[in-house]
Amino acid sequence: MKISKLLITLEEEAISIIRDSFSKSLNPVMMYSIGKDSSVLLHLARKAFYPSPVPFPLLHIDTMWKFKEMISFKEKIAKQHQLKMITHTNIPGVKKNINPFDHSTYTDIMKTDALKEALDNNHFDVIYGGARRDEEASRSKERVVSVRESNHSWDPKNQRPELFGLYNYHKSKEQSLRVFPISNWTEEDVWNYILSEKIEIVDLYFSKVRPTVQRDGAWFMVDDDRFPLQKGEKIIRQSIRFRTLGCYPLTAGTLSTAKTIPQIILENKKFNYSERSGRLIDHDKPDSMEAKKKMGYF
Amino acid sequence: MSLDPIRICICGSVDDGKSTLVGRILVETKNIFSDHDTKLKNLSKRYGTTGSSIDYALAMDGLQAEREQGITIDVAHKYINYNKRRITFCDSPGHKQYTKNVVTAASECHAAVVLLDATKGVLEQTKRHIAILDFVGIKNIVFAVNKMDCVHYKQQVFQTIQKELSSLIAKKNITSVSYVPVSALKGDNVTSSSSKMKWYKQKHLLHLLSTMKLGKDNNKFPYIALQHVHRPNRTIRHYMGMAKGQWSANDKIIALPSGQTTSIKTTYSGFVKNKKTSSCIISFETKDEIDLVRGDVVVTKQGLVQTGNAFHASVCVVSQDNLYMGRTYLMRLGNKETNININKIKNKLDLITNSKVACNELTINDLGEIEFNTNEVVAFTPFDQDKRLGSFILIDKENNNTVAAGTINFALRKSESIFAETLIIDKKQKANLVKQT
Ligand SMILES: Nc1nc2c(ncn2[C@@H]2O[C@H](COP(=O)(O)OP(=O)(O)O)[C@@H](O)[C@H]2O)c(=O)[nH]1
């Protein structure tokens, strides 16, 4: 399949950002969430440095509540591309059994805190992420190279100007830089790129009969026996797929028959729901994503 | 379907209706998801300024502080597919205080929409924004006179503003201009033609944006701007950069500024080895070891890309720190970073009289001209010949802030700098002057 002019432009921009920031970094790392955006980002990094292997490690924050298929996919990909994969978990959180069912602070503790801890332990200065501006309102405001303070916080009111694509990577020792090479990609672009570059993604993105349960009007997959069924809830086997992947108890699926990428693209257009509508993390308050980002979340 | 990407900067003064305009375009082209739409309705109840109807502006103002204060602080990026184009809207803030974010938005765009309030006409901010657009090299502008509903859709109001605008831009390098009367709130001439302004014979705003002809990049001169030298082991060096033109193995190359020559041994573009490539993303090995580092520029023949260490440039100050004569800054020109010293602050643009006035320092939001020396000889082109090799930023070495954005007008040689001071040289003559040396 011929790659479109739009995708070529987006690809060139992304690879250019990856190389440019890598050249100015001392200890870079790439966030790897195992999702489709991370898969695209990884593909771009491989392309950027080919024939050399990806010259930085990948970091995965494992909350212990990811879909099982995600974890096995991660291990396979790491082997396949000879990647250095760092996995970090908030161990005290696990010991206290912080879980998505009982604790409203679950995301803060198991994701944000774990991320900050991993970044601090390793002293990473440039941190690549696959966030896109079309995902959510506060993300549409963030710079490609985003300066984070010593506690990883983001100050949206005082962002560094970005001029002519000439990024300024200078920072103090305590600060770090979050770099978002696919900022300007839309969800549709990501799918089209996966299709034309034949990028491997987790099978959960494709519709399949899975054990599901309905809660608050959304469908969740019962990935293991830690999902406590409430009164009246029943496991139903039916065809669902996921538009984003995160912790399985917090990621709602979509009833769907789309088994191929062209079908997914077509169906997404019809649905008219944003991809993050299945992510519970965004819904608590109108500005919950922004609040999380200010605290250091991606 | 193949889409052509175009980025459009939306600017205008506070409350001219930028966010309302882009918000409406998103909603009417169905580029807003229904769950975001529900959020929008909820937000409208909480923060809205439009009574019981949807406040489209809230689709754009993505930050809590923005919604609470009802203003736009930073650039929002929104994407739509329309008429075979991927249009990216960069909605920029109107407050003078956040002008640096307008420069940020404009410097990455191909074209701009400048919004005006029909009841207020041309304001100081309008002039500032036009000057900024001119500074960053934007040649296509659509002026949208908004809130026509507030002036009973009168043609005369529109014409008066149009006249003032056209005299304002007469001296600028803007080559393609159109004017459209709109009501962002009521939806006139935004995504469909208005029945209330029959006197307006042109197409609606979105149509203008989706068919606007962008000036072709007329620099065909091939070069590679080096971004990174990758050393996977002791013997191999992969030179990585942004390329223009076609490249293949065995091409003879000249490295600038060193002037050393060799030829290309191997090329990689993506996962493809040794195929003639016109991809912008290239990586290559050379036959001989030469002096080639990040920031250098590789060419196949002498010509467009020059070398120099003293420059005349236009700048826009984007930080609270002033730009002083005699001060040293770190400059990033293309991919090259080196120290510079500002020898002279020549003038700044007075927005009221639209003329250049002499001054000793430039403060935040000022546009002006300076002369500086670089510590090392650097490869460059004048900005109007190639944006990538002719634009720079200045960084404060103490606090790492980006102080100014700049564009190279021409290199200074001794004889030339005398010229520059005594004569008023227009852009064409300037280009000729540079070519002669
Ligand atoms: N009457 C009228 N009001 C408008 C129009 N466009 C925007 N407004 C109102 O003007 C105010 C400022 O609009 P906003 O989009 O926030 O302006 P911004 O600061 O340029 O983003 C809001 O109350 C809008 O509802 C218009 O075409 N007609």
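To be clear, the structure that these remarks concern was listed above.
The following refers to the structure shown.

Bringing the overall build of chain A into the picture now. Along its length, chain A carries 8 helices and 10 strands. Overall, the C-alpha framework of chain A stretches about 55 × 50 × 40 Å when taken along its three principal axes. Within chain A, the proportion of its 298 residues that are buried is 64%. Residue pairs at least 24 apart in sequence account for 75% of intrachain contacts in chain A once pairs closer than 6 positions are excluded. Of the roughly 11700 Å² that chain A leaves accessible, carbon and sulfur atoms contribute 53%. A gap of 2 Å separates the mean positions of the 47 positive and 39 negative side-chain charges of chain A.

Within helix α6 (residues 187-197) of chain A, 8 of the 11 residues are buried, which leaves the element mostly enclosed by the surrounding structure. Among the residues of α6(A), Glu187(A), Asp189(A), Val190(A), Trp191(A), Tyr193(A), Ile194(A), Ser196(A) and Glu197(A) are the ones counted as buried. Looking at the buried side of α6(A), the elements it contacts are α1 (5-23), α2 (36-49) and α7 (261-271) of chain A together with β3 (85-91) of chain B. A positive backbone phi angle near 55° is found at Lys198(A), which sits one or two residues after α6(A).

Residue and element names in this part refer to chain A. Read from one edge of the open sheet, 4 strands run β8-β7-β9-β10, paired in antiparallel fashion. Looking along the sheet, the strands with just one partner apiece sit at the ends: β8 (218-221) and β10 (254-255). In this sheet, β10 lies alongside strand β9 (residues 236-241) in antiparallel orientation, the contact comprising 2 bridges. Across the sheet, Ile240 pairs through a bridge with Leu255, a residue of β10. This element, α7, spans β9 and β10 of the sheet and lies at about 95° to β9.

Attention now moves to unusual backbone geometry. Both trends apply: most residues other than glycine have a negative phi, and most peptide bonds are in trans. The omega torsion of the bond from Tyr50(A) to Pro51(A) falls at 5°, within 30 degrees of zero and hence cis. Note that Pro51(A) resides in the loop between α2 and β2 (58-61). The phi dihedral of His152(A) falls on the positive side, at around 70°, and the residue is not glycine. Following the sequence through the fold, His152(A) ends up in the loop between β5 (145-148) and β6 (176-179). Taking the relative accessible area as the measure of exposure, His152(A) reaches 4% and is therefore buried. The backbone of Asn354(B) sits at a positive phi, close to 60°, despite the residue not being glycine. Among the structural elements, Asn354(B) can be located in the loop between β17 (336-350) and β18 (355-357).

Moving on: the pattern of salt bridges. All names here are of chain B. Throughout the structure, instances matching the rule amount to 31 salt bridges over all chains. Taking the shortest distance from any N to any O, the salt bridge between Asp117 and Lys120 comes out at 3.8 Å. Judged by relative accessible area, which is 3%, Asp117 ranks as buried. Between Arg128 and Glu124 there is a salt bridge whose closest N-O contact spans 3.2 Å.

How each quantity is defined
Residues numbered from 1 in each chain as written. Chains lettered and ligands numbered in written order. Predicted model: local features only at pLDDT ≥ 70, side-chain atom pairs only at ≥ 80, totals over all residues. Heavy atoms only, no water. Helix = DSSP H or I, 4+ residues; strand = E, 2+ residues; numbered from the N terminus. Buried < 20%, exposed > 50% of the residue type's maximum accessible area, 1.4 Å probe, protein only. Contact = heavy atoms within 4.5 Å. Areas by Shrake-Rupley, 256 points an atom, 1.4 Å probe, with all protein chains shown as cover. Lys, Arg positive; Asp, Glu negative; His and termini not counted. Charge placed at Lys NZ, Arg CZ, Asp CG, Glu CD. Pairing = 2+ DSSP bridges. Axes fitted to C-alpha atoms, helices over the stretch in contact; angles between N-to-C directions. Salt bridge = Lys/Arg side-chain N within 4 Å of Asp/Glu carboxyl O.

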